[in-house]
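Below, each chain spelled out in residue letters.
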Amino acid sequence: MIRDLRHQKIIELVAQKQGITVRELTRLLNVSTMTVHRDLSALEASGLIQRVHGGVVTARRSESRKEICGYCGKECPSRTRLTLFSDSGETVFACCVHCGMGLMHRERGLNAGLGVDFLYETVVDLPRGYYLLESQIRICCTPSALVFADRRDAERMQKGFGGKLLDFAELRNGFAAMAAAHSAPSGGEESTD
Ligand SMILES: [Zn+2]
Ligand SMILES: [Zn+2]
């Protein structure tokens, strides 16, 4: 199993069980203890999980670790934060879906990532998520974009708060078109192709 998939699987397992032992992870993922420890170190560094003796639990929402958005430089709210993984194994944070899409659009090789379900605060694999764009709920950047694990939840929110419902591919395409229409806020990017 490749590393990114394993990382996602670990996060899912930890979230489902609210905690899991290294021994159980080794068995379920069918990899060595060493590999599990390496994965856990990487995930802990990104603030997604917390290691305890012999195992791992979901990260406590502590104020001690503050992730900074790689796109706009704001602090990332735990409720809307995105964790993006680059092909070269780096982890980048975004304050919300809006900035996450900006980062994915700007940085090549940033294709995998995890978000937080807006209603239940569970981990969502971004390509499998549903997105409510430009609803009346604005808790981070505008245009606002919220992520949901379940399409029905996103539809219910759409009924109440408006906005467009998109899957990941539609969201990325929509953002690319939007980014082409407006220049980046920081400016200074070479636009010659
Ligand atoms: Zn941001
Ligand atoms: Zn934001």
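Residues numbered from 1 in each chain as written. Chains lettered and ligands numbered in written order. Predicted model: local features only at pLDDT ≥ 70, side-chain atom pairs only at ≥ 80, totals over all residues.

### A closer look at the overall build of the protein
Along its length, the protein carries 6 helices and 10 strands. Computed over its C-alpha atoms, the radius of gyration of the protein comes to 17 Å, within 12% of the 16 Å expected for a compact globule of 193 residues. Taken over the C-alpha atoms alone, the protein extends approximately 50 × 40 × 30 Å along its principal axes. Burial status across the protein gives 34% buried among its 193 residues. Contacts spanning at least 24 positions in sequence make up 52% of the contacts within the protein whose residues lie at least 6 apart. (Helix = DSSP H or I, 4+ residues; strand = E, 2+ residues; numbered from the N terminus. Rg over C-alpha atoms; globule rule 2.2 N^0.38 Å. Buried ≥ 20, exposed ≤ 12 C-beta atoms within 10 Å, placed from the backbone. Contact = placed C-beta atoms within 7 Å.)

### Side note on the nonpolar core
Grouped together as the largest cluster of nonpolar side chains are 47 residues, with contacts concentrated most on Ala94, Cys96, Tyr131 and Leu146. Top element by residues in this core is helix 4 (residues 97-106). It accounts for 5 residues. Residue-level mapping places this core at the junction of two domains, with at least three residues from each of domain 1 (3-58) and domain 2 (82-181). (Core = buried A, V, L, I, M, F, W, Y, C linked by C-beta atoms within 7 Å. Domains from an automatic or database assignment.)

### As for the sheet that holds strand 4 (residues 82-86)
Taken in spatial order, the 4 strands make up an open sheet running 5-4-6-7, and their pairing is antiparallel. With partners counted over all chains shown, the strands left at the sheet margins are strand 5 (91-94) and strand 7 (123-125), one partner each. Averaged over all adjacent pairs, the angle separating strand axes in this sheet is 25 degrees, with direction ignored. Examined bridge by bridge, strand 4 and strand 5 share 4 bridges and lie antiparallel to one another. By the bridge assignment, Thr83 is partnered in strand 5 with Phe93. Contacting strand 4, strand 6 (110-116) and strand 7, helix 1 (residues 3-17) runs over the sheet at an angle of about 150 degrees to strand 7. Here helix 4 sits on the sheet in contact with strand 4, strand 5 and strand 6, set at roughly 15 degrees to strand 4. (Pairing = 2+ DSSP bridges. Axes fitted to C-alpha atoms, helices over the stretch in contact; angles between N-to-C directions.)

### Observations regarding the pairing of strand 9 (residues 145-148)
By the alternation rule, side chains of strand 9 split into Ala145 and Val147 and Leu146 and Phe148, which are all buried. Judged from the 4 bridges that link them, strand 8 (residues 130-133) and strand 9 form a sheet pairing that is antiparallel. Bridge pairing in strand 9 places Tyr131 opposite Val147.

### Quick word on the domain arrangement of the protein
In terms of domain boundaries, the protein breaks down into domain 1 (3-58) and domain 2 (82-181). Taking the mean C-alpha position of each, domain 1 and domain 2 sit 24 Å from one another. Residue-level contacts link 7 residues of domain 1 with 8 residues of domain 2. For the side of domain 1 that touches domain 2, the residue count by class is 3 nonpolar, 2 polar and 2 charged. (Nonpolar A, V, L, I, M, F, W, Y, C, P; charged D, E, K, R; others polar.)

### What about unusual backbone geometry?
For the peptide bond that leads from Thr142 to Pro143, omega is -5 degrees, which places it in the cis range. Residue placement: Pro143 occurs in the loop between strand 8 and strand 9. One non-glycine residue, Glu121, lies in positive phi territory at about 60 degrees. On the secondary structure map, Glu121 appears in the loop between strand 6 and strand 7. The backbone phi angle of Glu134 is positive, close to 60 degrees, even though this residue is not glycine. Relative to the elements of secondary structure, Glu134 occurs in the loop between strand 8 and strand 9.

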